[in-house]
Amino acid sequence: MSEQTLREEVLTARRIVVKVGSSSLTTATGGLDADRVDALVDALAKVRSRPDAPEVVLVSSGAIAAGLAPLGLDKRPNDLARQQAAASVGQGLLVARYTASFARYGVRVGQVLLTAEDASRRAHYRNAYRTLDQLLAMGAMPIVNENDTVATAEIKFGDNDRLAALVAHLVRADLLVLLSDVDGLYDGDPSKPGSKRIGEVRGPHDLDGVEIGSAGKAGVGTGGMVTKVEAARIATGAGIPVVLTAASQAADALAGRSTGTLFLRTGSRSADRLLWLEHASTPRGSLHLDAGAVEAVVSGGKSLLPAGVTRVDGDFTAGDPVDLLGENGHIVARGLVNFDARELPRLLGRSTRELAQEFGAAYEREVIHRDDLVILRG
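Predicted model, so just to flag it, every value in this text is computed and none were measured. (Residues numbered from 1 in each chain as written. Predicted model: local features only at pLDDT ≥ 70, side-chain atom pairs only at ≥ 80, totals over all residues. Heavy atoms only, no water.)

**Q** I'd love a proper account of the pairing of strand β1 (residues 15–20), names of residues and values included.
**A** In terms of burial, β1 is largely enclosed, as 6 of its 6 residues are buried. Residues R15, V17 and K19 line one face of β1 and the alternating positions I16, V18 and V20 line the opposite face, and both faces are buried. Looking at chain direction, β1 and strand β5 (residues 175–180) are connected through 5 bridges and run parallel. Note that in β5 the partner of V17 across the bridge is L176. (Buried < 20%, exposed > 50% of the residue type's maximum accessible area, 1.4 Å probe, protein only. Helix = DSSP H or I, 4+ residues; strand = E, 2+ residues; numbered from the N terminus. Pairing = 2+ DSSP bridges.)

This is how it looks when you write it as structure tokens:
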């Protein structure tokens, strides 16, 4: 593909998710850079003003980084409590800055804070989709971030890259654009002479031998090239092409110019929320299965019944994600369990009919329904 060729994947996209990292919005010492925010908003507003304007969802990092300076912190803290405090202060500043900047174009913004794990649950998934879809229908700009202030687990390395891929899947986007402080994926360290930008990735084999660094340059974000490539893998596997480039080249990327790296789709589009269960949930425990149950779940597409469970590990409640392990201890699937960890031991190895007779009709059900279960391979 020549540098002059416009990318059809971009030009034909009717719904686009754009993700921007902390280092592209803030100074190295923390605090929002108004000029950088305005430049990004200018690029997004230009896309929205086209005659064939696509809908745009913005996934924005920067809440924690924006809260550092106001709280007197000179660097991102390591402990969760202070990260959450910084996020609490910074999220308001971030959205206020976006609100003011988009107001120059008469565009309203709507803040959507998502907990990625919750979105694997059926009701939450539907509600998140409806909210984002309605904001777009009403002409507003959805600004999505992970709800860091109430996270119950550690705020994960590069989580918003993965979140962006999952949001792209959630809203049934036609394109994901990942904006960073590097203008694409290189075949080596981009700061070293001789390293070349990779213009197009058609599949995992194109990355054989490529050194993918794990750290960003600015020091205020948590993401790196590893998380961006992983996000690209998730999105392209769900049928969504990805453009990875520098935030300073956002306008060119959204105009279809051959900037950055284009990752072509490798899988087919799906409206299945189980992508969230696979990539965005943290298992609260595990269930050990006998060989027959593994075969029924993995190859037969069946629900998991109590008769096939041999052991329960962890402390979970009904509705939590749990891993399913085969007899060799390897994880074969993940699902949303219908019973508490304390309930399950007395049900193991027994048929649902027998359980209904002893405990009542409420126990004549699956441990995990097939609609709440995803097979994990490799």
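Resuming the write-up.
**Q** How would you summarise the packing of aromatic side chains if you had to cite specific residues and measurements?
**A** Throughout the structure, instances matching the rule amount to 4 aromatic pairs. Residues Y98 and F102 carry aromatic rings whose centres are separated by 6.3 Å and whose planes lie at 35 degrees to one another, so their mutual orientation is tilted. Of this pair, Y98 and F102 are both found in helix α4 (residues 80–103), 4 residues apart, which corresponds to roughly one turn of the helix. No difference in accessibility class separates Y98 from F102, as the two residues are buried. Taking the centre distance of 5.9 Å and the plane angle of 25 degrees together, the rings of F339 and Y363 count as stacked. With F339 in the loop between β12 (331–336) and α11 (352–359) and Y363 in the loop between α11 and β13 (373–375), this residue pair connects regions lying 24 residues apart in the sequence. Each member of the pair, F339 together with Y363, is buried. Among the aromatic side chains, those forming a connected cluster through ring pairs are F339, F359 and Y363. Taking NZ or CZ as reference, R346 lies 4.4 Å from the ring centre of F359, over its face. (Phe/Tyr/Trp six-rings, centres within 6.5 Å; stacked < 30°, edge-to-face > 60°. Lys NZ or Arg CZ within 6 Å of the ring centre and 35° of its normal.)

So, to be careful, I would describe these as geometric facts and stop short of saying anything about function.
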